[in-house]
Amino acid sequence: MFYFLLRRVGGGIFLLFVIVTVTFFLLNAIGNDPARQILGPTASAELVEAKRAELGLDLPVAVQYVNWLTSAITGDLGTSWYSSQPVTELLGFALPPTLSMVIGAILVSTVIGTVIGVVAATRRGAVDRGLQFFSTVIQAVPAFLVAIVLAVVFAVQLGLFPATGYTSFAASPSDWLASIVLPVTALALASIASIALQVRGSMIDVLRQDYVRTLRSRGLSDRSVLLRHTLRNAAGPALTTISLTFIIAISGSVIVERVFNIPGIGTQANTSASRGDLPVVLGVVAVTVVLVVLVNLIVDIAQGWINPKVRVS
Amino acid sequence: MRNKLAAAIVAACALVLTACSGASPNTAGETQELRIGAISPIASFEPGNFDAGPGSAFIQPVYDTILRNDSEGEPQPSIATEWSYDDSGTELSLTLRDDVTFTDGAKLDAEAVKANLEAAKAGTGETAGQLRFIDTVTVEDPTHLTISLSAVDPSLLTNLGGAAGSLASPEALGTPELATTPVGSGPYVFDAAASQTGVTYAYTRNPDYWNADDFPFDGITITVFNDGNAVTNALRSGQIDFAGISDQAAETLESDRLKVESFPAYTASGVFLFDRNGTIVPALADVRVRQAINMAFDREQIVEQVYAGVGTPTAQSFSESSAAFDPSFEKYEHDVDAAKALLAEAGYADGFTLPMPDLGPIDPKRQAAVTEALTAIGITPQYEPVNGETFISDLLSGKYPAAIFNLNSHRPWDFAQLALLPDSLWNPFHTTDENIVDLVNMAQTQTGEEADATFRELNEYIVDQAWFATLVQPNSVFGVSSAIDVEPRKFSTWPPIWNFTPAS
């Protein structure tokens, strides 16, 4: 298990290194002059040059990259070129809203998707056909459209939830919950469908196995066969879907945050990328890659725990 | 176990339902908090580094200004109670209040005003440019100072009554913290703990403010939105009281809870014919070509179809609200045949190609209207892809001979400085016209009716020379909660916060 984890962590670090490196050089290749943009069109050439020196933009790109990387390794992701705030501080503000939404979406879609999948696999018939029909429909509707409809119906017309904004858990747990219900729903809906379909398929496969018939013939209760044996063996593919769900939710959060005006990582990425705020873009990319690697690692560990064969593969 | 689960679900639902307090609208008669929606955050709170448009909403709660412009745009007493120019118009003497203190305890005196003016002039924002004629500031005593100018500046007093006259604590000037945490002497105090840079800006009442009666709200919150739908939803659900909205949203927004207000935007909108020297497109050097372009547009129809009927169709770029504007200067009737004849007379019977930045992705209706009109008289717009981040600097560097654009059109003097002189920022090809220079120089030392007459002459000359193909002076449209009233200020794109009051 130790070497298994080591391999996964090593792979994650390599992936992180490659992605931030590519991002750094791609953004530099765009060729914008952030110093001119920050100071405005009326600033003199001398002031612009001084700003370039202040930001370190007068150094060769390779040197800028090495400087950034060495600082980043020590945990210093630099400061925003536009607001002069430390990038770690900006990420500290942006991460909780996004994680609240994404983790909420994973939990909701996992629980509801699994329940629906199990019910459809065991009941079959009309329930199963209904699931397949609605799953196809729901998966075809983009998250931003769901978000807009939810905001108009449940926030504007019914007034049940705030239409925009995010309240931190520390400020008010109940307001926090209210502020993430609609974004979580928007992000979770498509994932519920895909997880349900995945669980349904795996469950049906497992339920056809000989050992399930054997267990039943020995007189084990349906509940025990279903939860202790069948679901556990069917969980592997579903876990993979959950890790994919996380990646989809992270990317979907860019749009959902915009619709609900939530100041999360997606908003931060959007704003900083549009004005070429390189340190913030790199910070957002780095933290997103770390999150994705982390979730994949957790899923790998869970799969290894469920199925020991994975550890040696 | 099952009961516990059920209880947990019920508790969670109860929590959600009790949490449904996100939208607690202000109601008429209450004076709680003024909640404003903005489309972009303020770049910096440092004097000299902020803009004078919607950014004013962020700085007015915390900063007093040397003077304060009233709703007609005229300077009135504020921190300076009296002021006068010498005979040359280049020495401005100010008398200051002696009872104002910044919220960090520093005294607001003549030294503090001098420090602010010098810091602001050294900045690079729009307000720094407004102070460019200031040469020296001399402190006579704690309540008196003299501002010496390098040349007469007809707009200095009104600029000191706006964002350029903002006063930050001298203790905070020059510190990096001032960019994100303002320290002033204004009616409100910036609440850093409740604010998040770029997202939310919260202000609480300054208990020691010298003019509290002018500010009825107990607090102000400004929320930054990245999306027009989110702004509309926030207005409709009562989360905010005031925000700029699109013409389209305005058509569906009005309700018991919301009013739609439309104020002049103080911009000239249309096709800007920058290349009057013919550097890139030789045809544009011929005044007949520029006049033909002006005749290609059906301005009334464009206002109806592109601007949802909100705005004034006009070929004049000087503000409709200024003395320079005159309805008799509307000399370009929509006439395709006459425009074609004029082009033929200039030697362009077969038309020509006009490169312009492609604004189709962000402003498709306006671009379509321009394309249709130009094509009708034989001119082919050749749209070039635009990089949003470098768009303005590309325009300023003379990359495009013409562009669909909006430009501030405040007071006549300001517009002349902005766009008409050889070194004006928005004269990217540095077109020089001695008649324009002479008229602007003449107006610089004039006042009252005399200055108005000169600016009218200048405006008519610009229209005759077809320096621009202005189509409309549009309005800004705002969604306003029925709990508040708001009054615009002349020559300002955004109402000042002292013009917001609880609904009467």
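Residues numbered from 1 in each chain as written. Chains lettered and ligands numbered in written order. Predicted model: local features only at pLDDT ≥ 70, side-chain atom pairs only at ≥ 80, totals over all residues. Heavy atoms only, no water.

For chain B, an unreviewed UniProt entry supplies the name ABC transporter substrate-binding protein and the organism Microbacterium lacus.

Per an unreviewed UniProt entry, chain A goes by the name ABC transporter permease and belongs to Microbacterium lacus. As stated in UniProt under Subcellular location (unreviewed entry), the record for chain A gives "Cell membrane". (UniProt positions renumbered as here; feature names shortened; annotations may be inferred.)

Asker: Give a description of the overall build of chain B that names residues and reports values.
Answerer: On a plain count of helices and strands, chain B comes out with 15 helices and 22 strands. Here the C-alpha radius of gyration of chain B, 25 Å, is about what a compact globule of 504 residues would show, namely 23 Å. Considering only C-alpha atoms, chain B reaches an extent of 85 × 75 × 40 Å along its principal axes. A buried classification covers 55% of the 504 residues belonging to chain B. Pairs at least 24 residues apart make up 68% of the contacts formed inside chain B by residues separated by at least 6 positions. (Helix = DSSP H or I, 4+ residues; strand = E, 2+ residues; numbered from the N terminus. Rg over C-alpha atoms; globule rule 2.2 N^0.38 Å. Buried < 20%, exposed > 50% of the residue type's maximum accessible area, 1.4 Å probe, protein only. Contact = heavy atoms within 4.5 Å.)

Asker: Describe the overall build of chain A, naming the residues involved and giving the relevant values.
Answerer: Tallying secondary structure elements over chain A gives 13 helices and zero strands in all. Tracing chain A from N to C terminus, the helices and strands come up as α-α-α-α-α-α-α-α-α-α-α-α-α. Along the first, second and third principal axes, the C-alpha atoms of chain A reach 85 × 55 × 35 Å. In chain A, which comprises 313 residues, the share counted as buried stands at 44%. Surface summary for chain A: the accessible area is close to 15400 Å², and the carbon and sulfur share equals 68%. In chain A, the 20 positive side-chain charges and the 15 negative ones have mean positions that sit 22 Å from each other. (Areas by Shrake-Rupley, 256 points an atom, 1.4 Å probe, with all protein chains shown as cover. Lys, Arg positive; Asp, Glu negative; His and termini not counted. Charge placed at Lys NZ, Arg CZ, Asp CG, Glu CD.)

Asker: Provide a residue-level description of the interface of chain B and chain A, including the pertinent values.
Answerer: Tallying the contact residues gives 30 residues for chain B and 34 residues for chain A. Across the chain B to chain A interface the summed buried area is about 2700 Å²; carbon plus sulfur atoms make up 57%. At the surface where chain B touches chain A, the tally comes to one salt bridge. Here Arg 258 of chain A ties to Asp 227 of chain B by a salt bridge, and the two come within 3.2 Å at their closest N and O atoms. Along the contact surface separating chain B from chain A lie five residue pairs in polar contact (both at pLDDT 80 or more). (Buried area = accessible area lost by both parts, 1.4 Å probe. Salt bridge = Lys/Arg side-chain N within 4 Å of Asp/Glu carboxyl O. Polar contact = N/O pair within 3.5 Å; in protein donor to acceptor, adjacent residues only side chain to side chain.)

Asker: Lay out a nonpolar patch on the surface in plain terms, naming residues and giving numbers.
Answerer: All names here are of chain A. The grouping of Phe 133, Phe 134, Val 137, Val 141, Phe 144, Leu 145, Val 149, Val 254 and Ile 255 at the surface amounts to a nonpolar patch, some 750 Å² of accessible area in total. Those elements that provide at least two residues to the nonpolar patch are α6 (125-140), α7 (143-157) and α10 (222-259). Position of Val 254 among the secondary structure elements: in helix α10. (Patch = residues over 30% accessible without salt bridge, like charges linked within 9 Å, V, L, I, M, F, W, Y side chains within 5 Å.)

Asker: Can you lay out unusual backbone geometry for me, pointing to particular residues and giving the numbers?
Answerer: Even without being a glycine, Asn 261 of chain A presents a positive backbone phi close to 50°. Structurally, Asn 261 of chain A is set in the loop between α10 and α11 (265-274). Judged by relative accessible area, which is 9%, Asn 261 of chain A ranks as buried. The residue Ala 308 of chain B is not glycine, and still its phi comes out positive at about 50°. If you trace the backbone, Ala 308 of chain B turns up in the loop between α9 (299-306) and β16 (311-313). With a relative accessible area of 32%, Ala 308 of chain B lands in the partly exposed category.

Asker: Explain the nonpolar core to me, using residue names and the numbers behind them.
Answerer: One finds Val 271, Ile 293, Phe 297, Leu 354, Leu 420 and Leu 458 of chain B to be the most contacted residues of the largest nonpolar core, which totals 70 residues. Ranked by the residues each element gives to this core, the list is headed by helix α15 (residues 448-465) of chain B, at six residues. (Core = buried A, V, L, I, M, F, W, Y, C linked by side-chain atoms within 4.5 Å.)

Asker: Describe the UniProt feature "transmembrane region" (unreviewed entry) in chain A, listing the residues and the values that go with them.
Answerer: Per the UniProt entry, the sites bearing "transmembrane region" (unreviewed entry) are residues 12-31, 99-121, 133-156, 176-199, 238-260 and 280-299 of chain A in this numbering. In this annotation, residues 99-121 of chain A is assigned 100% helix and 0% strand; the end-to-end C-alpha distance for the span is 31 Å.

Asker: Describe empty space enclosed by the protein, listing the residues and the values that go with them.
Answerer: The tally for this structure, following the rule as stated, stands at one cavity of 30 Å³ or more. Considered as a void within the structure, the largest cavity measures approximately 30 Å³ in volume. Of the residues assigned to the lining of the largest cavity, the class counts are six nonpolar, two polar and one charged. (1 Å grid on protein atoms, 1.4 Å probe; cavity = no way out; pocket = protein on both sides within 12 Å on 5 of 7 lines; lining within 4 Å. Points joined across faces, edges and corners; volume = space filled by probe spheres on them. Nonpolar A, V, L, I, M, F, W, Y, C, P; charged D, E, K, R; others polar.)

Asker: Which residues make up the side chain of Thr 158 of chain B, and what are the values?
Answerer: As for its position among the elements, Thr 158 of chain B is in helix α5 (residues 156-160). Residue contacts for Thr 158 of chain B: discarding those within four places in its chain leaves Asn 69, Gly 73, Pro 75 and Arg 411 of chain B.

Asker: Could you give an account of α11 of chain A, naming the residues involved and the relevant values?
Answerer: Among all positions of α11 of chain A, only Ile 265, Gly 266, Thr 267, Gln 268 and Ser 272 of chain A are buried. Gly 276 of chain A lies just past α11 of chain A and shows a positive phi near 70°.

Asker: Pulling in residues and values, what's your account of the packing of aromatic side chains?
Answerer: One pass over the structure, following the stated rule, counts 30 aromatic pairs over all chains. Judged by centre distance (5.3 Å) and plane angle (75°), the rings of Phe 133 of chain A and Phe 134 of chain A are edge-to-face. In this structure Phe 134 of chain A comes out as exposed when scored by relative accessible area, which is 51%. Where Phe 58 of chain B meets Tyr 201 of chain B, the ring centres are 4.9 Å apart and the plane angle is 80°; that geometry is what we call edge-to-face. With Phe 58 of chain B in helix α2 (residues 56-59) and Tyr 201 of chain B in strand β11 (residues 200-205), this residue pair connects regions lying 143 residues apart in the sequence. In this structure Tyr 201 of chain B comes out as buried when scored by relative accessible area, which is 1%. (Phe/Tyr/Trp six-rings, centres within 6.5 Å; stacked < 30°, edge-to-face > 60°.)

Asker: Help me get a handle on α7 of chain A, residues and values and all.
Answerer: Residues and elements named next belong to chain A. Compared with an ideal rise of 1.5 Å per residue, which puts 15 residues at 21 Å, α7 spans 20 Å between its outermost C-alpha atoms and is within 8% of the ideal. Ala 151 marks the point of greatest bend in α7, at about 25°. Immediately downstream of α7, the backbone of Gly 159 shows phi near 65°, a positive value. (Expected span 1.5 Å × (residues − 1). Bend = angle between axes of the 7 residues up to and from the residue.)

Asker: An account of the sheet that holds strand β5 (residues 80-85) of chain B is requested, with residue identities and associated values reported.
Answerer: Across a sheet, paired strands are connected by hydrogen bonds in the backbone, their directions being either parallel or antiparallel. Residues and elements named next belong to chain B. The sheet built from four strands is open, its strands ordered β5-β6-β8-β7 with antiparallel pairing. Both edges of this open sheet fall to β5 and β7 (134-141), since each of them pairs with a single strand only. Going across the sheet, the axis of each strand differs from the next one's by a mean of 20°, ignoring polarity. Taken together, the five bridges between β5 and strand β6 (residues 91-96) define a ladder with antiparallel strand orientation. Residue pairing in the sheet places Trp 83 in a bridge with Leu 94 of β6. On the sheet, helix α3 (residues 110-121) packs against β6, β7 and β8 (144-149) and is oriented at approximately 170° with respect to β7. (Pairing = 2+ DSSP bridges. Axes fitted to C-alpha atoms, helices over the stretch in contact; angles between N-to-C directions.)

Asker: Any details on the pattern of salt bridges? Residues and values, ideally.
Answerer: Residue and element names in this part refer to chain A. Within this structure, the stated rule accounts for 17 salt bridges over all chains. Glu 54 is the partner of Lys 51 in a salt bridge, and the nearest nitrogen-oxygen pair spans 3.5 Å. One end of the pair is Lys 51 and the other is Glu 54, both in helix α3 (residues 45-55) and three residues apart, which spans about a single turn. Owing to a relative accessible area of 58%, Glu 54 belongs among the exposed residues under this scheme.

Asker: Give me the lowdown on the pairing of β6 of chain B, citing residues and values where you can.
Answerer: Residue and element names in this part refer to chain B. As consecutive antiparallel partners, β5 and β6 are separated by five residues, and within that stretch Gly 89 has a phi angle of approximately 75°, a positive value. Bridging between β6 and β8 involves five bridges; their strand directions are antiparallel. Bridge pairing in β8 links Leu 92 to Ile 147.

Asker: Give me the lowdown on the domain arrangement of chain B, citing residues and values where you can.
Answerer: All names here are of chain B. Here chain B is partitioned into domain 1 (63-171) and domain 2 (267-475). Averaged C-alpha coordinates put domain 1 and domain 2 at centres separated by 34 Å. Summed over both sides, the interface of domain 1 with domain 2 buries roughly 670 Å², with 43% coming from carbon and sulfur. Taken as a group, Val 152, Pro 154 and Ser 155 account for 52% of the area that domain 1 buries against domain 2, more than any other trio of residues on that side. Taken together, the residues of the side of domain 1 that touches domain 2 break down into four nonpolar, four polar and three charged. (Domains from an automatic or database assignment.)

Asker: Hey, could you go over the confidence of the model for chain B for me, with residue numbers and the actual values?
Answerer: Residue and element names in this part refer to chain B. Mean pLDDT for chain B: 90, with 94% of residues reaching 70 or above. Ignoring residues within four places in sequence, the model shows residues 5-23, a span with pLDDT below 50, making 16 contacts including any to other chains. Interface predicted TM-score (ipTM) for the complex: 0.83; the corresponding pTM is 0.87. (pLDDT = per-residue confidence, 0-100.)

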